[in-house]
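Fold and geometry: a report
Here is what each chain is made of, one letter per residue.
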Amino acid sequence: MAKGELWAARRLGAAAGVEDHRFFSMPELREIGDIGPLERLSGLPSTYIPMKNSIYYNVAAAFAEEVGASRVAGGHNREDRAVFEDTSDEFFRNLQRTLRSGSARLREQDFRIWRPLRAMSKAEVVALASRLGVPLEDTWSCHRAGSVHCWECDGCLGRERAFREAGVVDPLRASGDRKGLKRVRAG
Ligand SMILES: [Zn+2]
């Protein structure tokens, strides 16, 4: 995970009052763009990590079983579903069923995978976040490893488009990212 992404996750977790914010390190999992040219996986976005959601949600379910949580939440939106097969309704329906079948505790907890943004476009997500007062200056969209947004990669371009369509001023773009850079460096 990029330094800036980790910083943003910590900031947002603190703002949301997360009590036990746990980070799992999976250095062997890489985006196919970082693995190298793979003919077998051609046609998939360079940011795709093979079987990513299958792996991530299993880890999250393990955490849920440990702490007795009844929900695992994911922020996938409608546009993700058009690109990534492992964000489909069918995938999550089957995964939830599989996870529940493997744990009496998860069944007792009425364990569910919750995807509140699944029917929304990226622009609708930005508009909702703006209405709710989410600290948008603490969010992260860049796929590159720097401590500021590059404003060139798919993540950055998608962010720009979503804010423009939503009619919301991006505080990161407005500040030229300089404020963010200082804060990332400070810790
Ligand atoms: Zn970028």
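Quick note: structure is the one above.
Concerning the coordination of the zinc ion
Taken together, the protein ligands of the zinc ion are Cys142 (SG), Cys150 (SG), Cys153 (SG) and Cys156 (SG), with distances of 2.3 to 2.4 Å. Within one chain, the residues serving as donors to the zinc ion are arranged as C-x7-C-x2-C-x2-C. With a gap of 11 residues between them, Cys142 in the loop between helix H7 (122–132) and helix H8 (154–166) and Cys153 in the loop between H7 and H8 connect regions that are remote in the sequence. The exposure classification of Cys142 matches that of Cys153, with both residues buried.

Some thoughts on the pattern of salt bridges
Evaluation of the coordinates by the stated rule reveals 14 salt bridges. With a shortest N-O distance of 2.8 Å, Glu79 and Arg161 are connected by a salt bridge. On the criterion of sequence distance, the pair formed by Glu79 in helix H4 (residues 78–83) and Arg161 in helix H8 is long-range, its members being 82 residues apart. Arg161 sits in the partly exposed class, given a relative accessible area of 28%. The residue Arg161 makes a salt bridge to Glu165 at a minimum N-O spacing of 3.4 Å. Here Arg161 pairs with Glu165, and both are found in helix H8, just 4 residues apart, close to one helical turn.

Re the packing of aromatic side chains
Enumeration according to the criterion identifies 3 aromatic pairs in this entry. Consider the rings of Tyr48 and Phe84, whose centres lie 6.2 Å apart with planes at 20°: the pair is stacked. Of this pair, Tyr48 sits in the loop between helix H2 (32–35) and helix H3 (52–67) while Phe84 sits in the loop between H4 and helix H5 (89–101), and the two are 36 residues apart along the sequence. A ring pair is formed by Tyr57 and Phe92, whose centres lie 5.0 Å apart and whose planes are at 70°; its orientation type is edge-to-face. Pair noted here: Tyr57 is in helix H3 and Phe92 is in helix H5, with a separation of 35 residues, a long-range link. With respect to burial, Tyr57 and Phe92 carry one shared label: buried. Three or more aromatic residues link up through ring pairs in this structure, and these residues are Tyr57, Phe91 and Phe92. Over the face of the ring belonging to Phe84 we find Lys52, whose NZ or CZ atom lies 5.9 Å from the ring centre.

What counts and what doesn't
Residues numbered from 1 in each chain as written. Predicted model: local features only at pLDDT ≥ 70, side-chain atom pairs only at ≥ 80, totals over all residues. Heavy atoms only, no water. Donors = N, O, S within 2.8 Å, 3.2 Å for Na, K, Ca; no water. Helix = DSSP H or I, 4+ residues; strand = E, 2+ residues; numbered from the N terminus. Buried < 20%, exposed > 50% of the residue type's maximum accessible area, 1.4 Å probe, protein only. Salt bridge = Lys/Arg side-chain N within 4 Å of Asp/Glu carboxyl O. Phe/Tyr/Trp six-rings, centres within 6.5 Å; stacked < 30°, edge-to-face > 60°. Lys NZ or Arg CZ within 6 Å of the ring centre and 35° of its normal.

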